[in-house]
Amino acid sequence: MPGLIGRKIGMTSVFSADGKNIPCTVIEAGPCVVTQVKTVEKDGYAVLQLGFGEAKEKRTTKPMMGVFKKAGTTPKQHLAEFKFDEEHNLGDTITVDLFAEADFVDIVGTSKGKGFQGVVKRHGFGGVGQSTHGQDDRARKPGSIGACSYPAKVFKGMRMGGHMGNERVTTQNLRVIKVIPESNLIIVKGSVAGYNGSTVLIKK
C-alpha cells in the first residue's frame, strides 16, 4: 500500500462540526524522495524505497552514498519501502498531497520505552495476598507461575516482569481530519505510538 515516512509532532484537539472535541495527533508527513525503484524482474518484488530526513554524509556508508547519488539527492536519515499503484521515477518527491481528508491510514511507530517493569504495571495484575499478617512484601508479586511435577518447568509465554515498551506498534484505521500541504502536516484522529519527534510510517 502507498504511504510516506513522517515524524510525530504531538497531540492536540479539534472541534467537529457538531461541537464534539476530537483528540488528534499532528504528523509531519514527508516530503519523501524516491531513492530506489525496485522491480519484479530485478529484485523479485515491485516497491518504491523512500527517504526522509537529512543525514550527515560522514555518517553514511559508501554503498548508500552511491544509492543517493544515483537518485540525485542528499543522504537521508530514514528509509522505507512502499508499494505504489502509480509509477514514479528515481529522484521524484512525494508530498503530503498523497492523503486527503476523510482518508483512513495505518500508522506504524515505536512505543515509548518503560524499562524493566513488574507484572502489575506490565500486565495489569492485581497483586496477591494481604499487606497485613506479616506479608508486607507480597502486595505486587505475581503469585504462582505454574509449578507442576511434570514437566518441571515454566511454559513459554508466562506473563512475568520484564522489558516494557520500545516495540513496533501499528495503529489501524485512523481517520485523516485535516491536511496542511504548505507545512507538510496531516492531523489524524486518535493517538499514535511513540514520543514527540519519533519517526512513523503512514500507510494509506
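In this text the structure is predicted, and so the values were computed from the model without any measurement. (Residues numbered from 1 in each chain as written. Predicted model: local features only at pLDDT ≥ 70, side-chain atom pairs only at ≥ 80, totals over all residues. Heavy atoms only, no water.)

Undergrad: What's the story with unusual backbone geometry in this structure? I'm lost.
TA: Glycine aside, residues mostly have negative phi, and peptide bonds are mostly found in the trans state. Going from G30 to P31, the amide bond is cis rather than trans, its omega being 0 degrees. You can see P31 is positioned in the loop between β2 (21–29) and β3 (32–38). Note that the residue after Y150, namely P151, is joined by a cis bond; omega there is -10 degrees. With respect to the element layout, P151 can be found in the loop between α3 (119–123) and β9 (162–164). Even without being glycine, N166 reaches a positive phi, approximately 55 degrees. Relative to the helices and strands, N166 resides in the loop between β9 and β10 (168–180). (Helix = DSSP H or I, 4+ residues; strand = E, 2+ residues; numbered from the N terminus.)

Undergrad: It is not clear to me how the sheet that holds strand β7 (residues 104–110) should be interpreted in this structure. Could you clarify?
TA: Sheets are built from strands paired through backbone hydrogen bonds, the pairs being either parallel or antiparallel. Sheet architecture is closed into a barrel: six strands sit in the order β1-β2-β11-β10-β7-β12, paired in antiparallel fashion. Mean inter-strand twist for the sheet, computed between neighbouring axes without regard to direction, equals 50 degrees. In the sheet, β2 pairs with strand β11 (residues 185–189) via five bridges, with the strands oriented antiparallel. Paired with I27 across the strands is I186, a residue of β11. (Pairing = 2+ DSSP bridges. Axes fitted to C-alpha atoms, helices over the stretch in contact; angles between N-to-C directions.)

From the geometry alone we can't say anything about function, so treat these as descriptive.
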